[in-house]
Amino acid sequence: MLLTPNAMGPRLRIGLYLTTGLIALFLLLPIVFIVLLSFGSSQWLVFPPPGWTLKWYEQFFANPEWMASVLTSLKVAVLTTLCAVALGLPTAFALVRGRFPGRELLYALFTLPMIVPLVIIAVAVYALFLKLGYTGTLFSFVVSHVIVALPFTIISIINSLKLFDQSIEDAAVICGASRMQAVYKVTFPAIRPGMVAGALFAFLVSWDEVVLSVMMASPTLQTLPVKMWTTLRQDLTPVIAVASTLLIGLSVLIMVIAAALRRRNEVSA
Amino acid sequence: MTTAQSSQSTHVAGAAPRAAGMASSSTAQRWRGFSNLLPALLFLGLFFLAPLIGLLMRGVLEPSLGLGNYEQLFANSAYTRVLLNTFSVAGLVTVISLLLGFPLAWAITLVPRGWGRWLLNIVLLSMWTSLLARTYSWLVLLQASGVINKTLMAMGIIDQPLEMVHNLTGVVIGMSYIMIPFIVLPLQATMQAIDPMVLQAGAICGASPWRNFFRVFLPLCRPGLFSGGLMVFVMSLGYYVTPALLGGAQNMMLPEFIIQQVQSFLNWGIASAAAALLIGITLVLLYFYLKLQPESPVGASNAR
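Conventions adopted
- Numbering of residues starts from 1 in each chain and follows the order in which that chain's sequence is written.
- Labels follow written order: the first chain is A, the first ligand is 1, and so on.
- Two thresholds apply to this predicted model, a pLDDT of at least 70 for residue-level local features and 80 or more for giving and counting side-chain atom pairs, whereas whole-chain, interface and lining totals are computed over all residues.
- UniProt positions are given in the numbering used here, feature names are shortened, and annotations may be inferred rather than shown by experiment.
- Elements are defined by DSSP. Helices are runs of H or I of four residues or more, strands are runs of E of two residues or more, and each kind is numbered from the N terminus.
- Taken over C-alpha atoms, the radius of gyration is set against a globule rule of 2.2 Å times the number of residues to the power 0.38.
- Counting other C-beta atoms within 10 Å of its own, a residue is labelled buried from 20 upward, exposed at 12 or fewer, and partly exposed in the gap between, with every C-beta atom placed from the backbone.
- Note: domain ranges come from an automatic or database domain assignment.
- In this description, any two residues whose backbone-derived C-beta atoms lie within 7 Å of each other are considered to be in contact.
- Polar here means any residue outside two lists: the nonpolar Ala, Val, Leu, Ile, Met, Phe, Trp, Tyr, Cys and Pro, and the charged Asp, Glu, Lys and Arg; Gly therefore counts as polar.
- Linking buried Ala, Val, Leu, Ile, Met, Phe, Trp, Tyr and Cys residues through C-beta atoms within 7 Å yields a set, and such a set is a nonpolar core.
- Note on method: axes are straight lines fitted to C-alpha atoms, helices fitted across the in-contact stretch only, with angles between N-to-C directions ranging 0 to 180 degrees.
- Reported orientations rely on four angle classes, namely roughly parallel under 35 degrees, roughly antiparallel over 145, roughly perpendicular from 65 to 115, and oblique for the rest.
- The sense of a crossing depends on the near helix, which, turned anticlockwise from the far helix by less than a right angle, makes the crossing left-handed and, turned clockwise, makes it right-handed.
- For a helix, the expected span equals 1.5 Å multiplied by the number of residues minus one.

Under an unreviewed UniProt entry, the name given to chain B is ABC transporter permease, and the organism recorded is Pseudomonas taeanensis MS-3. The heading Sequence similarities (unreviewed entry) in the UniProt record of chain B holds the text "Belongs to the binding-protein-dependent transport system permease family. CysTW subfamily."

Chain A carries the name Polyamine ABC transporter permease in an unreviewed UniProt entry, which gives Pseudomonas taeanensis MS-3 as its organism. What UniProt records for chain A under Sequence similarities (unreviewed entry) is the sentence "Belongs to the binding-protein-dependent transport system permease family."

Dropping the structure here:
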């Protein structure tokens, strides 16, 4: 009765729906607000804005610093994705198919970067790169991002690899394929959803990473979140609203892609 | 470099034949496939484990050998205030996000599927939206000349703008907002698994809706409430971005403290001690989380 709306009693039902509506609005409020604000004409972020304009978008795209940060973010995210998949793929195979002792422990080790607070990873890696003189390089960004992206990639690939029946791969071998050919032609296509999901996760983790990037950044090499962070600490200019809106757009896009992939999986499954 | 790496990984992945019986020694057979782990293991060892251990060592090595840093962490009143503040903010955020997440999860479970899908999408959208974008938005919304203050003043509820940023209020609002999805998702899964008939049975046996809620529904939700709440508490302890932007100097939390000690004061000893404490608490709480997880009555009955 508490889980069947019709038997719930109108007062309780309306009360619950009303509360839920308010909470859903609360969840949407900052997202919708920031998108509207990026088109508002007020420098001081007055709301509702006195007029609508695209000038903050012009400022954003005309500013070489913002553009450089977008480019750096893209470079770092793409390299992170490639490295995370390259490292995560063999790891997932070993963890799923290997029979060696201590696999649980190793699995725990590989997921440890998800558990240790980001700040601590950031400070530890920062100390290392400070000693090596690598802070403020593309390398330091990619390495630190791969550390936190890797668990997501490994888990996604493991999940789809577990669903894959290995006897299909064996059948290919029996039919004359080499093991490598079989893995490449049979197993990889079958686990592609997991690989794509893992790659998407890695990209998103890197793209949105703030704490690690702030520690690795130099005044000349900044990712988009670092540029937002440093600008934010000086003033609340609407240009940040533009950057935020573009980030929100990207999140929506990735959500739609993920949903489409899921739907296709359900159909094929 | 990356293509070379990935083609190599393909090779190693393929070089793990499973066909049994050919191995000469059983040890070789047991360790077969282990080599596939080596690249990632090497990477994590070099860039994650070694620096982590290095960092933790500094707490007992710098400035002099001993537990001086740990003593200071608990003796200095400014430091203990940071600890206290970290726990109270995390606790407050957990309670508020549980209170807000519960009705949402409940509604998602019982409304018609289409509506539930939409509500869930809102939760996911909020979760996947850039953390900085959301925090910036709250910063603008909550500031003295922001919409919320303006609206409240126009409605005549307040005469002077409320101070809602750079203090505890700002941190708690911003962080609870961010944590709601992490309550809703596990809690909704738990509620989904509850058989509505159980609640019907409670009603038929004469339980009032109140009694049914507190004696039947809430206990059945406990696994979800518990795992969501614990997860949110742990995550809140380690959060940096939102407290740093929405909080004030008065209510610094451990993560901000660690970064400040490293970047502004170059005091690696105390930062390391604080980091060790944070990791210790996190691991202990996660241990309980994993320990208590399988005991969930709903999860167990639902697994079949």
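Caption draft 1: Main features of the overall build of chain A. When helices and strands are counted, chain A shows twelve helices and zero strands. Tracing chain A from N to C terminus, the helices and strands come up as α-α-α-α-α-α-α-α-α-α-α-α. Computed over C-alpha atoms, the radius of gyration of chain A comes to 23 Å, more than 25% over the 18 Å expected from 2.2 N^0.38 for 269 residues, which places it beyond the range of a compact globule. Scored against the burial criterion, the 269 residues of chain A give a buried share of 45%.

Caption draft 2: Focus on the domain arrangement of chain A. Residues and elements named next belong to chain A. Entries for chain A in the domain assignment read domain 1 (5-38) and domain 2 (64-268). Distance between the C-alpha centres of domain 1 and domain 2: 33 Å. Tallying the contact residues gives five residues for domain 1 and six residues for domain 2. The residue inventory of the side of domain 1 that touches domain 2, partitioned by class, reads four nonpolar, one polar and no charged.

Caption draft 3: Fine view of the nonpolar core. Counting residues in hydrophobic clusters, the biggest one holds 158 residues, and the most contacted among them are A:Ile121, A:Ala122, A:Val123, A:Val211, B:Ile258 and B:Ala274. The element contributing the most residues to this core is helix H3 (residues 64-97) of chain A, with 15 residues. Here this core gathers at least three residues from each of two domains, domain 1 (5-38) and domain 2 (64-268) of chain A. Apart from residues no more than four positions distant in its own chain, B:Ile258 is found in contact with A:Val119, A:Val123, B:Ala271, B:Ala274 and B:Ala275.

Caption draft 4: Quick peek at the environment of B:Trp268. All names here are of chain B. Position of tryptophan 268 relative to the elements: it lies in helix H14 (residues 268-292). Residues tryptophan 268 and serine 97, spaced 171 residues apart in sequence, show a C-alpha to C-alpha distance of 34 Å. Beyond its immediate sequence surroundings of up to four residues, tryptophan 268 is in contact with Arg58, Glu62 and Val262.

Caption draft 5: Representation of the packing of H3(A) against helix H3 (residues 38-61) of chain B. At a minimum axis separation of 7 Å, H3(A) and H3(B) run at an interaxial angle of 120°. Between H3(A) and H3(B), the crossing angle belongs to the class labelled oblique. Contact residues: A:Leu87, A:Gly88, A:Pro90 and A:Thr91 in H3(A); B:Pro39, B:Ala40 and B:Phe43 in H3(B). Partitioning the contact of H3(A) with H3(B) into residue classes produces five nonpolar, two polar and no charged.

Caption draft 6: Molecular detail of the UniProt feature "domain: ABC transmembrane type-1" (unreviewed entry) in chain B. When the UniProt feature table is mapped onto this chain numbering, "domain: ABC transmembrane type-1" (unreviewed entry) sits at residues 83-289 of chain B. For residues 83-289 of chain B, helix accounts for 80% and strand for 0%, while the C-alpha atoms at its two ends are 22 Å apart.

Caption draft 7: A look at the packing of H3(A) against helix H9 (residues 192-208) of chain A. Residue and element names in this part refer to chain A. H9 packs onto H3 with a crossing angle of 140° between their chain directions and a minimal axis gap of 8 Å. The angle between H3 and H9 falls in the class oblique. Like other packed secondary-structure pairs, H3 and H9 cross with a definite hand, here right-handed. Facing H3, whose interface residues are Ser73, Val76, Ala77, Thr80, Thr81, Ala84, Val85 and Gly88, H9 presents Met195, Gly198, Ala199, Ala202, Phe203, Ser206 and Trp207.

Caption draft 8: Local environment of helix H7 (residues 131-142) of chain B. The first and last C-alpha atoms of H7(B) sit 16 Å apart over twelve residues, in line with the 16 Å expected at 1.5 Å per residue. Listed as buried for H7(B) are B:Leu131, B:Leu132, B:Ala133, B:Arg134, B:Thr135, B:Tyr136, B:Ser137, B:Trp138, B:Leu139, B:Val140, B:Leu141 and B:Leu142.

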